Amino acid sequence: MADPSSFQRANEAVAHLRNTLPEGLQKPQVAIVCGSGLGGLADTIHPDLRAEYDYGSIPHFPRSTVAGHAGKLVFGFLGQKIPAVLMVGRAHYYEGHSIDQVAFPIRVFKQLGVDTVVLTNAAGGLNSDYSVGDLVLLNDHLFLAGLAGTHPLRGPNEEEFGVRFPPLSDAYDLELRRHVHQAWKTVIFPESNRKLHEGVYAFVGGPTYETRAESRMLRMLGADVVGMSTVPEIVVARHCGLRLLAFSLVTNKAVLSPVPRGDEDLLQGKAADELTAILEEGKAGHEEVLEAGRAAALDMQKLVVQSLVNAFHQA
C-alpha cells in the first residue's frame, strides 16, 4: 500500500485537531512559527479562549528535540481579534527529519484555513552592520541545499496545494513588510539600541555552526544572516499560496576573519590556553543563542503582534 500523500496526512492532522478545538478557534487566519528562544510569543495569546496540543499528540506532526523549543501548538487570538495558531518550537532537518517533514506543519496550516504565515528564527549575523539583538526582516534567501536537490517539493507535485514550478521571486510579501516598518516606529522606543534591518537569509543544514571560510563564502554570495531553518517552510508556504513574513533575531556575529596561520610571529611563545582563546574568539554556542533570544523577546513579540494588527485592521 502506498504511503499517504502530504495532502492526506495534513487532512488527518486537521481532522484530529478539529475534534477538540473550540468552535471559535477552528479556522485561524495567521500561523506563527516561534524559533529558538522566541516561544514567548505564545504569551501574547488572549487567555480567555486558548487551546494547546503537544506535537506528539497530532498525527504525522514532526517533533522537536532541541532546547528552547517547547514542541506545542497554541490556538487563540492575537490582539484580541486575530484568530491564530502558534508553533512553539519547530523541527529541523539536522534532527533527522526529511526536508519535507520539517515543512509539513505549513501544509497543516493551509488545510486549517490560514492565509498568512509568520516565521521567526535565531540566526548568525554575517553583515558587519548587524549587532547581536538586532532584528532582520527577511526579503530574500539563499537555499543552497535546495539548489543541489535537497528540496521539500521534490517528488510528485501535489496539485491540491500548488503548481509544479512555483516562483519564489515574490515570496516575501511587500505589503506585510511595509506594515512591519510602520509598526517598528510605534512599538520600539527611539532610544533603543536595537535596529530593524531587511536582509537575505542563508539556509544551512546544521547542526554544526559555520566555519570561517563558509561564513565568508555566504557573505560573498549576498547573505546577511545564516541559520538552520525557515527556508523549507517558506518554500512550502509559497507553494500553498500563503502570504508570509519572516524575521531573524541576530543572536551572534559569525566569525569571518581567516584562521591564524600556525607560523605567524605573533603566536610564537604563547601558551596553549592563549592559542585556544584566539581560536575561540567569537565562537557561537546554543546557550548564547537562547540568551540573546530572551533579551530581545519582548521587542520581537510587540513588533509581530502590532504588524499583524495593522495589516488585518487595514485589510
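Since we're looking at a predicted model, the values are computed, not measured.

**Here we look at the packing of aromatic side chains**
Now for step 1: All told, the structure shown has 4 aromatic pairs when counted by the stated rule.
Now for step 2: With 5.9 Å between their ring centres and 85° between their planes, Tyr53 and Phe75 make a pair best called edge-to-face. Residue Tyr53 is found in strand β2 (residues 51-54), and its partner Phe75 is found in strand β3 (residues 72-78); the two are separated by 22 residues along the sequence.
Now for step 3: Residue class for Tyr53 comes out buried when judged on its relative accessible area of 11%.
Now for step 4: Taking 5.4 Å as the distance between ring centres and 80° as the angle between the ring planes, the aromatic pair formed by Phe143 and Phe203 counts as edge-to-face.

**Overview of the packing of helix α1 (residues 6-18) against helix α3 (residues 104-112)**
Now for step 1: With their axes 9 Å apart at the nearest point, α1 and α3 run at an angle of 60° to one another. Crossing of α1 against α3: the hand is right-handed. On α3, the residues that touch Ser6, Phe7, Arg9, Ala10, Asn11, Ala13, Val14, Leu17 and Arg18 of α1 are Phe104, Arg107, Val108, Gln111 and Leu112.

**Description of empty space enclosed by the protein**
Now for step 1: Tallied over the full model, the rule gives 1 cavity of 30 Å³ or more.
Now for step 2: Taken together, Arg90, Ala91, His92, Tyr93, Ile99, Val102, Phe203, Met228, Ser229, Thr230, Pro232 and Glu233 form the lining of the largest cavity.
Now for step 3: Of all the secondary-structure elements, those providing two or more residues to the lining of the largest cavity are α2 (99-102) and α7 (231-239).

**What about α1?**
Now for step 1: In this model α1 runs 18 Å from its N-terminal to its C-terminal C-alpha over 13 residues, within 8% of the 18 Å that 1.5 Å per residue would give.
Now for step 2: Next to the buried residues of α1 lie β2, β3, α2 and α3.

**Some points on the nonpolar core**
Now for step 1: Of all hydrophobic cores here, the largest spans 50 residues; its most connected members are Leu17, Leu73, Phe75, Ile106, Val108, Phe109 and Val225.
Now for step 2: Other than its neighbours up to four places away in sequence, Val108 contacts Ala10, Ala13, Val14, Leu17 and Phe61.
Now for step 3: Counting 35 residues, the second largest nonpolar core, distinct from the first, contains Val74, Ile82, Ile188 and Phe247.

The rules behind the values
Residues numbered from 1 in each chain as written. Predicted model: local features only at pLDDT ≥ 70, side-chain atom pairs only at ≥ 80, totals over all residues. Heavy atoms only, no water. Phe/Tyr/Trp six-rings, centres within 6.5 Å; stacked < 30°, edge-to-face > 60°. Helix = DSSP H or I, 4+ residues; strand = E, 2+ residues; numbered from the N terminus. Buried < 20%, exposed > 50% of the residue type's maximum accessible area, 1.4 Å probe, protein only. Axes fitted to C-alpha atoms, helices over the stretch in contact; angles between N-to-C directions. Left-handed = near helix turned anticlockwise from the far one by under 90°. Contact = heavy atoms within 4.5 Å. 1 Å grid on protein atoms, 1.4 Å probe; cavity = no way out; pocket = protein on both sides within 12 Å on 5 of 7 lines; lining within 4 Å. Points joined across faces, edges and corners; volume = space filled by probe spheres on them. Expected span 1.5 Å × (residues − 1). Core = buried A, V, L, I, M, F, W, Y, C linked by side-chain atoms within 4.5 Å.

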